[in-house]
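Summary of structural features
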Amino acid sequence: EPDNHPVLIHCNKGKSRTGCVVGCYRKLQNWSTSAIFEEYYRHAGDSSTTLIDQQYIELFDPATLPRIRTSPVAMAQ
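Residues numbered from 1 in each chain as written. Predicted model: local features only at pLDDT ≥ 70, side-chain atom pairs only at ≥ 80, totals over all residues. Heavy atoms only, no water.

**Quick look at the packing of aromatic side chains**
Aromatic rings in a pair are described by how distant their centres are and how their planes are angled relative to each other. Applied cut-off: Stacked, tilted and edge-to-face are the three classes assigned to paired rings of Phe, Tyr and Trp, where Trp is represented by its six-membered ring and a pair needs centres within 6.5 Å; plane angles under 30 degrees give stacked, over 60 edge-to-face, the rest tilted. By definition, any uninterrupted DSSP run of H or I lasting at least four residues is a helix, any uninterrupted run of E lasting at least two residues is a strand, and each is numbered from the N terminus. A 1.4 Å probe rolled over the protein chains alone gives each residue an accessible area, and that area as a share of the maximum for its type sets the label: buried under 20%, exposed over 50%, partly exposed in between.
Going through the model one piece at a time under the given rule, you end up with 3 aromatic pairs. Ring centres 6.1 Å apart and planes at 25° place the aromatic pair Phe37 and Tyr41 in the stacked group. Taken together, the residues span about one helical turn, with Phe37 and Tyr41 both in helix 2 (residues 33-44) at a distance of 4 residues. Overall, Phe37 belongs to the buried group, its relative accessible area being 12%. Ring centres of Tyr40 and Tyr41 lie 5.8 Å apart, and the angle between their planes is 70°; on these two criteria the pair is classed as edge-to-face. Of the residues examined, Tyr40 reaches a relative accessible area of 4% and is grouped as buried. Take Tyr41: its relative accessible area is 38%, and that puts it in the partly exposed class. What links up through ring pairs into an aromatic cluster is the set Phe37, Tyr40 and Tyr41.

**Quick notes on helix 1 (residues 16-28)**
Let me state the cut-off plainly: Multiply 1.5 Å by the residue count of a helix minus one, and that product is the helix's expected span. Whether two residues are in contact is decided by their heavy atoms, any of which lying within 4.5 Å being enough.
Here helix 1 is 13 residues long and its end C-alpha atoms lie 18 Å apart, about the 18 Å a rise of 1.5 Å per residue gives. For helix 1, the complete set of buried residues consists of Thr18, Gly19, Cys20, Gly23, Cys24, Arg26 and Lys27. Considering only its buried residues, helix 1 is in contact with helix 2 and helix 3 (51-59).

**Overview of the confidence of the model for the protein**
Basically, it comes down to this: For every residue, the pLDDT score states the predictor's confidence, bounded by 0 at the bottom and 100 at the top.
Mean pLDDT over the protein: 80, with 77% of residues reaching 70 or higher. Here helix 1 stands out as the element of the protein with the lowest mean pLDDT, 88, in contrast to helix 3, whose mean of 91 is the highest.

**Points about the nonpolar core**
Just so we agree on the cut-off: Nine residue types can take part in a nonpolar core, namely buried Ala, Val, Leu, Ile, Met, Phe, Trp, Tyr and Cys, and a core is a set of them joined through side-chain atoms within 4.5 Å.
In this structure, Cys20, Cys24, Ile36, Phe37, Tyr40, Ile57 and Phe60 together form the largest nonpolar core, which totals 7 residues. Taken together, the elements giving at least two residues each to this core come down to helix 1 and helix 2. Top contributing element to this core by residue count: helix 2, with 3 residues.

**What to know about the side chain of Glu39**
Relative to the elements of secondary structure, Glu39 occurs in helix 2. Aside from chain neighbours lying at most four places away, what touches Glu39 is Val22, Arg26 and Trp31.

Shown next, in the form of structure tokens:
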């Protein structure tokens, strides 16, 4: 939903946890796994990449998420 952008995602250091969330978000956007990991490595750096995060991203299945509304809802007055 373009009206909801930009989006800020961050954690204590802004690397591995943020990268994990963004990697899962990229799967929702139908990015390839290789493109997701290239972005993850580029921003996280060698010292912050963790195998567990990489495994989580790889195994994350967007189909398991509940359907969420993606269009704005008028607020009750």
